[in-house]
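So you can see what is in the structure, the chains are spelled out below.
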Amino acid sequence: MERLKLLYIAPHRIDRSPGQRFRFEQYMSYLNACGFDITYANLVSESDDKILYSNGRTLLKCLIGIKGLFIRLRNIIQANKFDVILVYREAHFLGFTLFEKLLSKSHAALVFDFDDAIWLNDTSLANQKLSWLKSGSKTSKIAALANIVTVGNSYLAEYAKQTASEVMIIPTTIDTNKYKYRKPQETDTLTIGWIGSMTTLKHFISCLPVLRQIKSKYGSKVNFKVIVDVDYKDAELGIVSTKWSKETELEELNKIDIGIMPLPDDDWSRGKCGFKGIQYMSLGIPTVMSPVGVNVDIIDHEQNGFLASTTDEWVDCLSQLIESQQLRQRLGRAGRITVEHRFSVESQKEQVRKSLINAIIRKNLKQ
């Protein structure tokens, strides 16, 4: 059987972006075994990355954008060599859809994948002055061009269905062969932990009033761990952040006894795919999440984790977990089973393959 050629168009290099890692990169070996030859086409290099996410340096950022235009023009020229092209989020970070339009006119099928409410144009703090170059409306336009749109949850699917001809929900997943279940242990000091990035650190900070109450209530019985890609400290709670890296991520997550995922109830958060919670649960770490967006589909309250809205609810849920090893073990195990059945690579890999094959079939029917 002839092998299929897949072009993956994404912002970042391999292993740089969590979204790319967990929505595509961890399926690459499976897809290759299924007959796909993959060409990876990232826009931003490692050296560009350091400039793009730093403050200021506007001229250099503009030059990176111009360089990206030439990268994508080369991809357009090569597009007819491929059977299917998968665009993650957007082909270029400027607010036009020219590249996606040209890709859709090639012989290749077009798949469009996104895992956040990207039409809301949530720009990093380092690039607020350049936010006018972006356009939230391009998301619906790209969806209309694609043969199939794949998204991480039902909230994103409802948005995509406004213009897309075919939408598939494929949740963001964990490789449970790497993220192994760890039975919660009885220890003298429990660690409440959070993992995230500079853009979501504000969500952890919103939970500080809860954590201060917990510290006041339990004293030295609890401590706190923050895994993030920037430096963060809180002297009152004794927090000195652990620098995130792909190499140490699992090791550091396994030092957490209780995982938290606080979120504000807004449109951007409703588009999130609950990935922090899925990470904790995959390791058997009992998890408390805000009941926002897909979190209510992931967590069955008191069965495989906790959902908490108010400060009192957060304090109560965390207190129950701190005081009961049996509860931590029960919820941790149930959380792991949930991930295995619904949010693992193994449970979704065939859906990923089908999305690509179905896109090719739909493209061929149009031609």
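All chains use their own residue numbering, which begins from 1 and follows the written sequence. Selection of residues for local features in this predicted model requires a pLDDT of at least 70, selection of side-chain atom pairs for listing and counting requires 80 or more, and totals for whole chains, interfaces and linings are taken over all residues. Just so you know, side-chain values use all the structure's heavy atoms and leave hydrogens and water out.

Caption draft 1: Representation of the overall build of the protein within the structure. Working definition: helices are DSSP H or I runs of at least four residues, strands are E runs of at least two. Numbering for both runs from the N terminus. The number of helices and strands found in the protein is 16 helices and 14 strands. Scaling as 2.2 N^0.38, a compact globule of 367 residues should have a C-alpha radius of gyration of about 21 Å, and the protein matches this with 21 Å. Overall size of the protein, expressed as C-alpha extent along the three principal axes, is 65 × 45 × 35 Å. Any two residues whose heavy atoms approach within 4.5 Å are treated as being in contact. Restricting the contact set of the protein to residue pairs at least 6 apart, pairs at least 24 apart contribute 73%. Radius of gyration: over C-alpha atoms. The globule rule applied is 2.2 Å multiplied by the number of residues raised to the 0.38 power.

Caption draft 2: Structural detail: a nonpolar patch on the surface. Only residues whose relative accessible area exceeds 30% and that take part in no salt bridge are eligible for patches, with like-charged residues grouped when within 9 Å of each other and nonpolar side chains (Val, Leu, Ile, Met, Phe, Trp, Tyr) grouped when within 5 Å. Only the protein chains shown count as cover for residues, and the accessible areas themselves come from Shrake-Rupley with a 1.4 Å probe. Just to be clear on terms, a salt bridge is a Lys or Arg side-chain nitrogen sitting within 4 Å of an Asp or Glu carboxyl oxygen. Together, Leu 59, Leu 60, Leu 63, Ile 66, Phe 70 and Leu 73 give the surface a local cluster of nonpolar side chains, amounting to about 600 Å² of exposed area. By secondary structure assignment, the location of Leu 73 is in helix H4 (residues 58-78).

Caption draft 3: The arrangement of the packing of aromatic side chains in detail. A pair of aromatic rings is counted whenever rings of Phe, Tyr or Trp (Trp by its six-membered ring) have centres within 6.5 Å, and the orientation is called stacked for planes under 30 degrees apart, edge-to-face for over 60 and tilted otherwise. Counted according to the given criterion, the structure contains 10 aromatic pairs. Seen from their ring centres, Phe 22 and Phe 275 are 4.2 Å apart, and the 40° between their planes marks the pair as tilted. Of this pair, Phe 22 sits in helix H1 (residues 18-23) while Phe 275 sits in helix H12 (residues 275-282); the two residues are 253 residues apart in sequence, bridging distant segments of the chain. With respect to burial, Phe 22 and Phe 275 carry one shared label: buried. Charge-over-ring contacts are defined here by two conditions on Lys NZ or Arg CZ: a distance within 6 Å of the ring centre and an angle within 35 degrees of the ring normal. Lying across the ring of Tyr 181, Arg 333 places its NZ or CZ 4.8 Å from the centre. For every residue, the accessible area (1.4 Å probe, protein chains only) is compared with the maximum for its type, and the residue is labelled buried under 20%, exposed over 50%, or partly exposed between those bounds.

Caption draft 4: Layout of the layout of surface pockets. Residues are called lining when one of their atoms sits within 4 Å of a cavity or pocket point, these points coming from a 1 Å grid over the protein atoms alone, where a cavity is a set in which a 1.4 Å probe fits but cannot get out and a pocket is an open set with protein on both sides within 12 Å along at least five of seven lines. Grid points are joined across faces, edges and corners, and a volume is the space filled by probe spheres set on the points. Estimated volume of the second largest pocket: approximately 300 Å³. If you go around the second largest pocket, you meet 13 residues; those closest to its centre are Arg 21, Phe 22, Gln 26, Lys 178 and Lys 246. Elements that contribute at least two residues to the lining of the second largest pocket include exactly H1 and helix H10 (249-253). Polar here means any residue outside two lists: the nonpolar Ala, Val, Leu, Ile, Met, Phe, Trp, Tyr, Cys and Pro, and the charged Asp, Glu, Lys and Arg; Gly therefore counts as polar. Here the lining of the second largest pocket is built from residues that sort into 3 nonpolar, 2 polar and 8 charged.

Caption draft 5: Local environment of the pairing of strand S12 (residues 258-261). Going residue by residue along S12, you find Ile 258 and Ile 260 tucked away on one face and Gly 259 and Met 261 tucked away on the opposite face as well. Note on pairing: DSSP must find at least two bridges between two strands before they are called paired. As paired elements, strand S7 (residues 190-195) and S12 share 2 bridges and run parallel to each other. For Gly 193, the partnering residue across the bridge sits in S12 and is Gly 259. Two strands pair when backbone bridges link them, and S12 and strand S13 (residues 287-289) are joined in this way by 3 bridges, in the parallel orientation. The residue bridging Met 261 from the neighbouring strand is Met 289, located in S13.

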